[in-house]
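Overview (structure and organization)
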Amino acid sequence: MQEVFALIENNKREFTKLELFDYMQDRSIAASKRLSFAPCMTHFIMSVGDLNKYDFRESQPLNKLQHIINEHAKEDEEHWRWFVTDIEKLNCNPIQNFSKTLKSIWSEETKITRQISYLVAGYTLTAEPIIKIAAIEALEAVGNVFFCASSQVASELQKTTRQDYLYFGESHLKLETGHTVGTPEAEGFLAEIELTDSQRQQAFEIIEKIFQIFTEWTYELLAYAQKNGVESIKDDGFKADLIICA
Ligand SMILES: [Fe+2]
């Protein structure tokens, strides 16, 4: 798996350089506007719980790899609840009725968001555990870059609003290690696994596809924030360095 981890690291490094993360650090823009893409994320964030429950997890794990996946899935499957509460705290609740909400989630301006879970499910539903782990590692790497940036914005915002942002804030970042499993032993166990040519090819393909769609996603989120964001809280400051967490 060493080559899989190396490919993810390379992609992660490039992912960090995307324009969305510059935007999220730009303190000349109000912090609330820098998280105002939140409604655009809805379809994917709400789907993550289902991917964990119905795609990644197996009710009868047959090997250590599947046990690792199940442990990860159990931890991650309820995080969407924090997203729902943060949406309220961010005042991202302007939609008046259910049909308008549906139209927004399934609109043209959120179409990349919707495609993420379909792509991930398409590649992983019937895949063997080691391929699922490669996908989860790539997702965790993407999440780590995002939460590093969002937690900085959330802490700025918290100073003004006195609200805790459970999804976008630091508590979520601390829980997400950036890897499938949080212990060096388990990471070592995964790193030692030798992949067959076919497994390597599948793992590389899904990693590239995941980074490709999440890269597209950052532009969708950025466009959404620029178009729909409302500057409700003013704050001055400077552009902070984005810290890449391990
Ligand atoms: Fe999470």
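Residues numbered from 1 in each chain as written. Predicted model: local features only at pLDDT ≥ 70, side-chain atom pairs only at ≥ 80, totals over all residues.

**Brief notes about the overall build of the chain**
So the rule is basically this: In this description a helix means any DSSP run of H or I spanning at least four residues, a strand means any run of E spanning at least two, and both kinds are numbered starting from the N terminus. Distance between backbone-placed C-beta atoms decides contact: two residues are in contact if it is within 7 Å.
For the chain, the count of helices and strands is twelve helices and zero strands. Counting from the amino terminus, helix and strand elements in the chain follow one another as α-α-α-α-α-α-α-α-α-α-α-α. In the chain, of all internal contacts separated by at least 6 residues, the share reaching a separation of at least 24 is 85%.

**As for the packing of helix 9 (residues 129-161) against helix 12 (residues 197-228)**
We apply this condition: To obtain an axis, a line is fitted to C-alpha atoms, over the contacting stretch when the element is a helix, and the angle between two such axes runs from 0 to 180 degrees between their N-to-C directions. Between 65 and 115 degrees an angle is taken as roughly perpendicular, under 35 as roughly parallel, over 145 as roughly antiparallel, and anywhere else as oblique. Crossing handedness is read from the near helix: turned anticlockwise from the far helix by less than a right angle, it gives a left-handed crossing, and turned clockwise, a right-handed one. Amino acids are sorted into nonpolar (Ala, Val, Leu, Ile, Met, Phe, Trp, Tyr, Cys and Pro), charged (Asp, Glu, Lys and Arg) and polar (every other residue, Gly among them).
Where helix 9 contacts helix 12, the two axes come as close as 9 Å, and the packing angle between them is 25°. As far as their axial angle goes, helix 12 and helix 9 are roughly parallel. Crossing of helix 9 against helix 12: the hand is right-handed. Residues Ile 130, Ile 131, Ala 134, Ala 135, Ala 138, Leu 139 and Val 142 of helix 9 form the contact with helix 12, whose participating residues are Gln 199, Gln 202, Ala 203, Ile 206, Ile 207, Ile 210, Phe 211 and Phe 214. Taken together, the residues of the contact of helix 9 with helix 12 sort by class into 13 nonpolar, two polar and no charged.

**Some points on helix 6 (residues 80-89)**
How we decide: Exposure is read from a count of other C-beta atoms within 10 Å of each residue's own; the residue is exposed at 12 or fewer, buried at 20 or more and partly exposed in between. C-beta atoms are placed from the backbone. By definition, the arc is the one covered by directions from the helix axis to the C-beta atoms.
Within helix 6, the full set of buried residues consists of Phe 83, Asp 86 and Lys 89. Here the buried residues of helix 6 occupy an arc of 115° about the axis, which is enough to place them on one side. Residues of helix 6 that are buried in the fold lie against helix 4 (42-56). Residue Asn 91 follows helix 6 closely and has a positive phi angle near 60°.

**Quick word on the nonpolar core**
Proteins that are soluble and globular tend to have nonpolar side chains buried together. The criterion, for reference: Each nonpolar core reported here comprises buried Ala, Val, Leu, Ile, Met, Phe, Trp, Tyr and Cys residues connected via C-beta atoms within 7 Å.
If you look at the biggest cluster of nonpolar residues, it comprises 62 residues, and the most contacted ones within it are Ala 134, Ala 135, Ala 138, Val 142, Ile 206, Ile 207 and Ile 210. When contributions to this core are tallied by element, the ones reaching two or more residues are helix 1 (2-16), helix 2 (19-25), helix 4, helix 5 (64-76), helix 8 (111-124), helix 9 and helix 12. In terms of residue count, helix 9 provides more of this core than any other element does, 18 residues in total. Discounting residues that sit within four places of it in the chain, Ile 210 has contacts with Val 120, Ala 135, Ala 138, Leu 139 and Val 142.

**Examining the environment of Leu 139**
Among the secondary structure elements, Leu 139 is positioned in helix 9. On the basis of neighbour count, Leu 139 is assigned to the buried category, with 23 C-beta atoms found within 10 Å. A sequence separation of 19 residues divides Leu 139 from Val 120, and the C-alpha atoms of the two residues are 9.3 Å apart.

**Here's the deal with the environment of Leu 166**
One can find Leu 166 in the loop between helix 9 and helix 10 (170-175). Counting along the chain gives 77 residues from Leu 166 to Lys 89, while the straight-line C-alpha distance between them is 10.0 Å. Excluding anything up to four places from it in sequence, Leu 166 contacts Trp 82, Thr 85, Asp 86, Ser 171 and His 172.

**Description of the packing of helix 5 against helix 9**
Between helix 5 and helix 9, whose axes approach to 9 Å, the crossing angle comes to 35°. Handedness of the helix 5/helix 9 crossing: left-handed. Seen from helix 5, the contacting residues are Leu 65, Gln 66, Ile 68, Ile 69 and His 72; seen from helix 9, they are Pro 129, Ile 130, Lys 132, Ile 133 and Ile 136. Partitioned by chemical class, the residues of the contact of helix 5 with helix 9 number seven nonpolar, two polar and one charged.

**Notes on the environment of Lys 209**
One can find Lys 209 in helix 12. When neighbours within four sequence positions are excluded, Lys 209 is seen to be in contact with Leu 119 and Tyr 123.

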